[in-house]
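Residues per chain, in single letters:
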Amino acid sequence: MATDHELRLRERLARLRNVSLLGGARVDGELEKLQRQLERLAEETTDEDIWRSVELARHQDRPYTLDYVERLLEDWVELHGDRGRADDPAIVTGLGRFDGRTLALVGHQKGRDIKERTKRNFGMPYPEGYRKAIRVMELADRHGFPLLSLVDTPGAYPGVAAEQHGQGGAIARSQAAMARLGVPTVACIIGEGGSGGAIALALSDRVLMQENAIYSVITPEGCAAILWRDAGEKQKAAAAFKPDAAHCLELGVVDAIVPEPPGGAQTDPAAAATLLGESIGEALEELEGVPGDELRRRRRARFRSIGVYA
């Protein structure tokens with residue numbers, strides 16, 4: 001039986017097939033994209049495929065936010081600090097030009113070696129990181145810049161110090177700030193999309209997900225520890241809650257899957273960046289010209305509907 005998301009994709013595909021093409025219209029490209037997504041939903045995903053996605057999402061050579069910034073944005077200026085306490089290196093923020101337009105970017109950043117990983121806390125932000133992100137979100141809203149979020153974190157840092165500094169409140173305020181924005185917002189899960197640490201930067205008008213990324217409320221190890229009291233059952237847990245891109249698309253949690261080079265983004269970061277840039281460009285074009293009030297209305301309705309069971 002087809003899922004509601006699959007039915008919506010089929011209805012949209014049928015409508016586009018009946019559209020009379022105008023000069024310069026990109027309906028053909030949209031048709032192809034929707035058809036690819038339907039084909040992906042029809043494919044059978046094995047437990048081994050799901051675990052392979054987990055491994056590729058965590059691959060040490062997978063491109064991180066700053067790798068994509070280097071390849072996609074011109075005139076990049078990184079902004080630091082939350083204007084209150086500190087600068088959290090686990091989140092990078094800044095302004096740059098994408099396809100000739102200025103946009104604001106927020107994203108998680110892991111490290112390549114042990115020194116950088118320690119500095120960036122393995123991509124797990126403190127509350128200061130989310131406050132820094134909120135500052136740049138408000139800057140984007142004030143100046144009318146679209147907001148791009150690149151999500152790649154095991155989750156927000158769960159340590160005592162983070163809780164003392166208001167971790168839960170910072171995550172909630174980040175989501176609230178994104179819900180209020182009157183500018184187009186696009187998020188992409190580029191690696192691990194872990195729990196509240198991920199959704200804090202992903203409450204966007206369009207949510208994309210790279211082919212070998214994962215997006216879930218808990219890590220496979222955490223889930224296994226809760227259900228079976230054994231983190232070694234992580235593959236069994238991943239097979240149960242299916243954090244891979246195909247199943248997230250089927251659930252309607254993400255809007256589209258961004259293809260990767262064969263073998264994963266780490267095999268050809270330049271090609272991965274090109275594919276990601278194309279998807280981001282298409283998403284921004286879809287949102288161009290939509291009034292801020294309408295963006296807010298659609299965004300809130302979309303996220304309030306996720307998880308509703310009838």
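Up top you'll find the structure we're talking about.
Residues numbered from 1 in each chain as written. Predicted model: local features only at pLDDT ≥ 70, side-chain atom pairs only at ≥ 80, totals over all residues. Heavy atoms only, no water.

On to the overall build of the protein, then. Tallying secondary structure elements over the protein gives 14 helices and eight strands in all. Considering only contacts within the protein whose residues lie at least 6 apart along the sequence, 73% involve residues at least 24 apart. Accessible surface, the protein: about 14,900 Å² in total, of which carbon and sulfur atoms supply 50%. (Helix = DSSP H or I, 4+ residues; strand = E, 2+ residues; numbered from the N terminus. Contact = heavy atoms within 4.5 Å. Areas by Shrake-Rupley, 256 points an atom, 1.4 Å probe, with all protein chains shown as cover.)

Along helix α11 (residues 234–241), the positions that sit buried rather than exposed are Ala237, Ala238 and Ala239. Along its buried surface, α11 packs onto α3 (47–57) and α10 (220–227). Positive phi shows up at lysine 242, right after α11, with a value of about 50°. (Buried < 20%, exposed > 50% of the residue type's maximum accessible area, 1.4 Å probe, protein only.)

Where α3 meets α11, the closest approach of the two axes is 9 Å, and the angle between their N-to-C directions is 105°. In this view, α3 runs roughly perpendicular relative to α11, as classed from their interaxial angle. Residues Asp47, Ile50, Trp51 and Val54 of α3 form the contact with α11, whose own contacting residues are Lys234, Gln235, Ala238 and Ala239. Partitioned by chemical class, the residues of the contact of α3 with α11 number five nonpolar, one polar and two charged. (Axes fitted to C-alpha atoms, helices over the stretch in contact; angles between N-to-C directions. Parallel < 35°, antiparallel > 145°, perpendicular 65-115°, else oblique. Nonpolar A, V, L, I, M, F, W, Y, C, P; charged D, E, K, R; others polar.)

For leucine 79, the position within the fold is in strand β1 (residues 74–79). With 57 residues separating them in the primary sequence, leucine 79 and valine 136 have C-alpha atoms 8.0 Å apart. With residues near it in sequence (within four places) discarded, leucine 79 still touches Thr93, Gly94, Leu95, Lys132, Arg135, Val136 and Leu139.

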